[in-house]
Amino acid sequence: MSFASEVKNELIKVSREGYKTGHMRECCLHAEMYGLFLFCRSFNQSEISIKTENENIAKLFSDFVKSITGTPANIEKSSAGKYKASVKSLQDRKKILSKFGHTGNEITKRLNRANLDDDCCMSALLRGAFMSCGTLTDPNKDYHLEFVISHKVLSDDLMKLISEVELSPKVVPRKGSYVIYFKDSESVEDILTLMGATESSLEIMGMKMYKDMRNRVNRRMNFENANSGRAFDAAYKQIEAIRFIESVRGLGYLPEELREVAKLRMENEDYTLKDIADNLRDPISKSGVNHRLQKILSIAESLQPLEKEEEE
Ligand SMILES: [Zn+2]
């Protein structure tokens, strides 16, 4: 599955669960629906439809339609594997348009602010809009997230809205559409978090940390050393384990001798075992350090199921 689909599925989950558990306020659900409808392929009297590669989005669209009109949308799958969900009856299309304060006869399609009740609705609207017209690149290759909008004025409206949440995307015309995009990792993380895709956002941070660290370590380590890759992976795994222990129990959970090794490991990701050994208050052997790190790893492992139980 592409990273973009992963993100969209996470957003759908946020939406579905928020609704089911009552975590999502009525005003936000309204705003999310509006975002999904307004930024989809067509939103006017003669057609309300969405085209997507993601079947779950077509289904969400259909459920939204049903919640307003009582009848689900018509979903078709093209030979290219794309889904098109559309509202068949004119009566139903009028109902949907009027729910969001549109007639469907407007000369220019604009964002109707009356659908944003409160500050909380902003992220819901962006989530809906992104599911309709957004995509992003695999963060292993590049940091790039965009909204593609076919109307200039509507893209201006969205641009204005996004700048109100202190983000500053850029806009560029492309093939008759307007592309609002973010190009740096931090903004991509921020907007994903804002839309509710926190897991995806954390995944990007993790990838970035891994990449940064690998670059730093590579610079320092000898490239001809066949072990450097393995040593790096081991160090990364150890640091993850230490961070994990820190987050669930705090480093105070570790006995003194392990804590000292843990701190040196975490603060000096490019240290070799020997570097760690030499920097201990009471220096020990390389294998002694390795032994302590193994202990830390098994402590982290022993904490794993516990954390899951607590989550439930
Ligand atoms: Zn709200």
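Residues numbered from 1 in each chain as written. Predicted model: local features only at pLDDT ≥ 70, side-chain atom pairs only at ≥ 80, totals over all residues. Heavy atoms only, no water.

**Some thoughts on the overall build of the protein**
Put simply, the test is: Counting from the N terminus, the helices are the DSSP runs of H or I reaching at least four residues and the strands are the DSSP runs of E reaching at least two. C-alpha atoms define the radius of gyration in this analysis, and the globule rule sets the expected value at 2.2 Å times the number of residues to the power 0.38. Note on exposure labels: buried denotes an accessible area under 20% of the residue type's maximum, exposed denotes more than 50%, and partly exposed covers the range between, all computed with a 1.4 Å probe on protein chains only. Exposure was quantified through the Shrake-Rupley algorithm and a 1.4 Å probe, taking into account, for residues, occlusion by the shown protein chains and nothing else. For the purpose of counting charges, residues Lys and Arg are taken to be positive, whereas Asp and Glu are taken to be negative. His and the chain ends are not included. Every charge is mapped onto a representative atom, which is NZ of Lys, CZ of Arg, CG of Asp or CD of Glu.
Scanning the protein for helices and strands turns up 12 helices and 8 strands. The globule rule puts the C-alpha radius of gyration for 312 residues at 20 Å, and the 25 Å found for the protein is more than 25% above it. C-alpha atoms of the protein, sized along the principal axes, occupy 80 × 40 × 40 Å. When each of the 312 residues of the protein is scored for burial, the buried share is 45%. Carbon and sulfur atoms form 47% of the exposed surface of the protein, whose accessible area is close to 16,700 Å². The distance from the centre of the 47 positive side-chain charges to the centre of the 48 negative ones in the protein is 6 Å.

**Examining the coordination of the zinc ion**
Quick reminder of the rule: Each metal site is built from N, O and S donor atoms within 2.8 Å (3.2 Å for Na, K and Ca), and since water is not included, such sites may look incomplete. Geometry is assigned from the angles between donors: four donors with all angles from 85 to 135 degrees make a tetrahedral site, four or six donors whose opposite pairs exceed 155 degrees while the rest stay between 65 and 115 make square planar or octahedral sites respectively, and everything else is labelled irregular.
Note on the zinc ion: its protein donors are Cys27 (SG), Cys28 (SG), Cys120 (SG) and Cys121 (SG). The metal-donor distances range over 2.3 to 2.4 Å. Around the zinc ion, the 4 donor atoms sit at angles spanning 97 to 124 degrees, and that spread fits a shape best called tetrahedral. Mapping the donors of the zinc ion onto the primary sequence yields the spacing C-C-x91-C-C. Just as cysteine 27 is buried, cysteine 28 falls in that class too.

**Quick word on the packing of aromatic side chains**
Rules: Pairing of aromatic rings covers Phe, Tyr and the six-membered ring of Trp, with a centre-to-centre limit of 6.5 Å; geometry is then stacked below 30 degrees between planes, edge-to-face above 60, and tilted otherwise. Counting as a charge over the ring demands two things of the Lys NZ or Arg CZ atom: a distance within 6 Å of the ring centre and an angle within 35 degrees of the ring normal.
What the rule picks out here adds up to 6 aromatic pairs. Residues phenylalanine 37 and phenylalanine 61 carry aromatic rings whose centres are separated by 5.2 Å and whose planes lie at 65 degrees to one another, so their mutual orientation is edge-to-face. With phenylalanine 37 in helix 2 (residues 26-38) and phenylalanine 61 in helix 3 (residues 55-69), this pair connects stretches of sequence that are 24 residues apart. Seen in terms of ring centroids, phenylalanine 130 and phenylalanine 147 are 5.7 Å apart; in terms of plane orientation they differ by 80 degrees. Their pairing is edge-to-face. Taken together, the residues phenylalanine 130 in helix 5 (residues 121-133) and phenylalanine 147 in strand 6 (residues 145-149) connect sequence positions 17 residues apart. Phenylalanine 147 matches phenylalanine 130 in its accessibility class, with the two residues each being buried. Taken together, the aromatic side chains of Tyr34, Phe37, Phe43, Phe61 and Phe100 make up a single cluster linked through ring pairs. When the ring centre of phenylalanine 130 is taken as origin, the NZ or CZ atom of lysine 8, which lies over that ring, is 5.7 Å away.

**Focus: the sheet that holds strand 4 (residues 83-86)**
Basically, it comes down to this: Strands were regarded as paired on the criterion that DSSP finds at least two bridges between them.
Strand order across the open sheet formed by 4 strands is 1-2-4-3, with antiparallel pairing between neighbours. The sheet is open, and its two borders are formed by strand 1 (42-43) and strand 3 (74-77), each paired with just one other strand. Bridge count between strand 3 and strand 4: 4 bridges; the pairing is antiparallel. Each residue of the ladder has a partner; that of asparagine 74, found in strand 4, is serine 86.

**Notes on the pairing of strand 2 (residues 48-52)**
Here strand 2 lies mainly inside the structure; 4 of its 5 residues are buried. Pairing of strand 1 with strand 2 involves 2 bridges; the strand directions are antiparallel. If you follow serine 42 over to strand 2, its bridge partner there is serine 49. A loop of 4 residues connects strand 1 with strand 2, the two strands running antiparallel in sequence. Of the pairings in the sheet, the one linking strand 2 to strand 4 comprises 4 bridges and is antiparallel in character. Its bridge partner being in strand 4, lysine 51 is matched across the sheet by lysine 84.

**As for the domain arrangement of the protein**
The following threshold applies: For every domain, the bounds stem from an assignment made automatically or drawn from a database.
Domain assignment breaks the protein into domain 1 (3-195) and domain 2 (221-311). Placing the centre of domain 1 and that of domain 2 at their C-alpha centroids yields a distance of 44 Å.

**What to know about the sheet that holds strand 6**
Applied cut-off: Note on definitions: angles span 0 to 180 degrees between N-to-C directions of axes, and those axes are lines fitted to C-alpha atoms, for helices only across the stretch in contact.
The sheet built from 4 strands is open, its strands ordered 5-6-8-7 with antiparallel pairing. The open sheet has two edge strands, strand 5 (134-136) and strand 7 (170-174), and neither has a second partner. Between one strand axis and the next, the sheet turns by 25 degrees as a mean value, whatever way the strands run. Bridge count for strand 7 against strand 8 (residues 177-182) is 5 bridges, and the pairing is antiparallel.

**Section: helix 3**
As a reminder, the rule being used: The length a helix should cover is 1.5 Å for every residue beyond the first.
Between its first and last C-alpha atoms helix 3 spans 21 Å; for 15 residues at 1.5 Å apiece the expected length is 21 Å, and the two agree. Listing the buried residues of helix 3 in full gives Ile57, Ala58, Leu60, Phe61, Ser62, Phe64, Val65, Ile68 and Thr69.

**Here's the deal with helix 1 (residues 3-21)**
Since the α-helix turns once every 3.6 residues, residues separated by three or four places project in the same direction. The end-to-end C-alpha distance of helix 1 is 27 Å, a good match for the 27 Å that 19 residues give at a rise of 1.5 Å each. Taken residue by residue, helix 1 has Phe3, Ala4, Val7, Lys8, Glu10, Leu11, Ile12, Ser15 and Gly18 as its buried positions. Among the residues trailing helix 1, glycine 22 stands out with phi positive, at a value near 80 degrees.

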